[in-house]
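Report on the structure
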Amino acid sequence: MELSPVLQEEFDIVVRRNPGEAEFHQAVREVLESLAPVIDKHPEYVESGIIPRICEPNRQIIFKVNWQDDRGRVHTNRGFRVQFNSALGPYKGGLRFHPSVYLGIIKFLGFEQIFKNALTGMPIGGGKGGSDFDPKGKSDNEVMRFCQSFMTELSGHIGADVDVPAGDIGVGGREIGYLFGQYKKLTGRYESGVLTGKAISLGGSRARTEATGYGTVYFANEMLKLSGESFDGKKVVVSGSGNVALYAVEKVNQLGGTVVAMSDSSGYIVDESGLDFTQIQDLKEVRRGRISEYADANSSARFVADGSIWDVPCDIALPCATQNELNIGGARALIKNGCTLVAEGANMPATPDAIRAFTSGGVRFAPGKAANAGGVATSALEMQQNASRDSWTFEHTEERLHDIMVGIHARCYETAEEYGAPGDYVIGANISSFLRVADAMMALGVI
């Protein structure tokens, strides 16, 4: 899609100032493509320089992380925290530990986080962080030493009213616990609201582990309701097998759907009779095995090492693995096989070409900044509990999560209608979230 001259000029500046950061460029362009009618209606945003201000992080922190393995060898990794926008509240966004992490990935995720957080309706800004450290294959003690070194460098830049990190790929309850322990030691304060995704014993929120996957399914269910449908009887494909994918599977099952395929980095499994969530959960969360082991234990399932999970026929697809995993080839395969709805559980897992194919092919599409906002929304609920020294039940937290996702869907749907793009959730999500952040930035003045 072509950008208007004003927006193209702004995008060219972003590319020139951030060379080699392809993922960040993609995230910025995806938002700008939706904003032409907003700029026409609100020229004051251009006059106040909102676009360049929102595309430039407030702060980009890069630091060295030295740590020692179990054999006594010293390793050096690179750590990042990008504090992107705090117009709505303290910076909020996860930490990703993965070898692919570099500044462009963190900025892409942080930019997306601004708008995702705004859609929740809660008072949180956008940020992201991480490291090129790979926790896979490391002992608990090695992960602990890395986390302690990482937090030693990061601790001076975060706080409950400043910047509140959480988990992401490679950062789960174990890592958050080690990070929080080191923060507590360094500061001498039990500032439980400084990190979210903590264990319940440390002030964590019940349902946080399930929140992103549950929220994605809740959003998709609202989309189905508009046409008088539900998950009942639907065949669903879910990519990935981390927290988001696992609990999307659980919620699909609870709503009457049948998940017929899941994947991990080694390939994917297919079982037309439906995957057993309890077995998958045990495989991935307890035994930490490969997805192929499910097929070894179940004669009705088969494992495919090569090929694409998107070749599996389904009614609904939930990409829940990683960015840009669903390309134009996968989109065409889903359309050909009769898929009618795609909701992103991961951060921007569908490429721009894939999204255009869904739009032109009549497939309902929910972007991640809306559909997977349940995770950060529940993190914000954890912040509320920590601030009030309170603890909520799983049922109460899940009810709040459900209400938030219903509200996000309504805002996206109604904004798309208002701006002449009925049913286009990408435009609805981008415009609705941009307006909330832009109005807050205007109210704060030029700072």
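An account of the accompanying structure is given in this report.

Cut-offs and rules
Residues numbered from 1 in each chain as written. Predicted model: local features only at pLDDT ≥ 70, side-chain atom pairs only at ≥ 80, totals over all residues. Heavy atoms only, no water. Core = buried A, V, L, I, M, F, W, Y, C linked by side-chain atoms within 4.5 Å. Buried < 20%, exposed > 50% of the residue type's maximum accessible area, 1.4 Å probe, protein only. Helix = DSSP H or I, 4+ residues; strand = E, 2+ residues; numbered from the N terminus. Contact = heavy atoms within 4.5 Å. Pairing = 2+ DSSP bridges. Axes fitted to C-alpha atoms, helices over the stretch in contact; angles between N-to-C directions. Salt bridge = Lys/Arg side-chain N within 4 Å of Asp/Glu carboxyl O. Parallel < 35°, antiparallel > 145°, perpendicular 65-115°, else oblique. Nonpolar A, V, L, I, M, F, W, Y, C, P; charged D, E, K, R; others polar. Phe/Tyr/Trp six-rings, centres within 6.5 Å; stacked < 30°, edge-to-face > 60°. Lys NZ or Arg CZ within 6 Å of the ring centre and 35° of its normal. Right-handed = clockwise from strand over helix to strand, strands pointing away.

1. With respect to the nonpolar core
Counting residues in each nonpolar core, the largest one holds 55 residues, and the members touching the most others are Phe219, Val238, Met262, Leu318 and Ile408. For this core, the leading source of residues is helix H9 (residues 208–225), giving 8 residues. Val238 has contacts with Ala245, Val249, Val259, Ala261, Met262, Ser263, Ile309, Leu318 and Cys320, leaving out every residue within four places of it along the chain. Within the second largest apolar cluster, 43 residues are counted, among which are Leu7, Phe108, Leu109 and Met441.

2. Some remarks on the sheet that holds strand E6 (residues 235–239)
One open sheet holds the 7 strands; their spatial order is E9-E8-E7-E6-E10-E11-E12, and the pairing between them is mixed. Sheet topology places strand E9 (302–304) and strand E12 (364–366) at the edges, where each strand pairs with a single neighbour. The average undirected angle you get between the axes of adjacent strands in this sheet is 15°. Here 3 bridges tie strand E8 (residues 267–270) to E9, and the two strands are oriented antiparallel to one another. Of the residues in E9, the one forming a bridge with Tyr268 is Val304.

3. Considerations on the pattern of salt bridges
When their charged atoms lie close together, side chains carrying opposite charge are able to pair. Taken as a whole and assessed by the stated rule, the structure comprises 24 salt bridges. Glu175 is the salt-bridge partner of Arg174, the closest N and O atoms lying 2.8 Å from each other. The exposure class of Glu175 is buried, given its relative accessible area of 5%. Measuring nitrogen to oxygen at the nearest pair gives 2.6 Å for the salt bridge that ties Glu382 to Lys198.

4. Section: the sheet that holds strand E1 (residues 59–68)
Neighbouring strands of a sheet are bound in pairs by backbone hydrogen bonds; such pairs are parallel or else antiparallel. If you walk across this open sheet you meet the 5 strands as E1-E2-E4-E3-E5, and the pairing is mixed. Edge positions in the sheet fall to E1 and strand E5 (163–167), since each has one partner strand and no second. Within the sheet, the average angular offset between the axes of one strand and its neighbour, ignoring direction, is 20°. Pairing between strand E3 (residues 91–97) and strand E4 (residues 126–131): 3 bridges, direction parallel. In the strand pairing of E4, Phe97 is matched with Ser131. Sheet contacts for helix H6 (residues 103–119): E1, strand E2 (74–85), E3 and E4; angle to E4, the most-contacted strand, approximately 150°. Along the sheet, helix H7 (residues 140–154) contacts E1, E2, E3, E4 and E5; its crossing angle with E1, the most-contacted strand, is approximately 145°.

5. Focus on the pairing of E2
Within a regular strand, the side chains alternate between the two sheet faces. Taken together, the 10 bridges between E1 and E2 define a ladder with antiparallel strand orientation. Bridging from a neighbouring strand, Ile62 pairs with Phe80 of E2. Following E1, the chain reverses through 5 residues before pairing antiparallel with E2; Gly72 in that reversal takes a positive phi of roughly 90°. Sheet topology places E2 next to E4; 6 bridges connect them, and they run antiparallel. If you follow Arg81 over to E4, its bridge partner there is Gly129.

6. Considering the packing of helix H2 (residues 22–32) against H6
Packing of H2 against H6 leaves a shortest axis separation of 7 Å and a crossing angle of 25°. By the angle class used here, H2 and H6 are roughly parallel. Across from Glu23, Phe24, Ala27, Val28 and Val31 in H2, the residues of H6 making contact are Gly104, Ile105, Lys107, Phe108, Phe111 and Phe115. Looking at side-chain class alone, the contact of H2 with H6 contains 8 nonpolar, 1 polar and 2 charged residues.

7. Describing the packing of aromatic side chains
Taken as a whole, this structure holds 20 aromatic pairs when the rule is applied. With 5.9 Å between their ring centres and 20° between their planes, Phe358 and Phe365 make a pair best called stacked. Pair check on accessibility: Phe358 and Phe365 agree, each one buried. What links up through ring pairs into an aromatic cluster is the set Phe63, Trp67, Phe97, Phe133, Phe146 and Phe150. Above the ring of Phe11, the side-chain terminus of Arg29 is found at 5.2 Å from the ring centroid.

8. Points about the pairing of strand E7 (residues 258–264)
Counting buried positions along E7 yields 6 of 7 residues, so the element is predominantly enclosed. Here E6 pairs with E7 via 3 bridges, running parallel. Residue pairing for E7: Val236 is matched across the bridge by Val259. You can see the chain leave E6, run along helix H10 (residues 243–254) and come back into E7, and the turn it takes is right-handed. Relative to E8, E7 runs antiparallel, the two sharing 4 bridges. Of the residues in E8, the one forming a bridge with Ala261 is Val270. Hairpin connection between E7 and E8: a loop of 2 residues separates the two successive antiparallel strands.

So, to be careful, I would describe these as geometric facts and stop short of saying anything about function.
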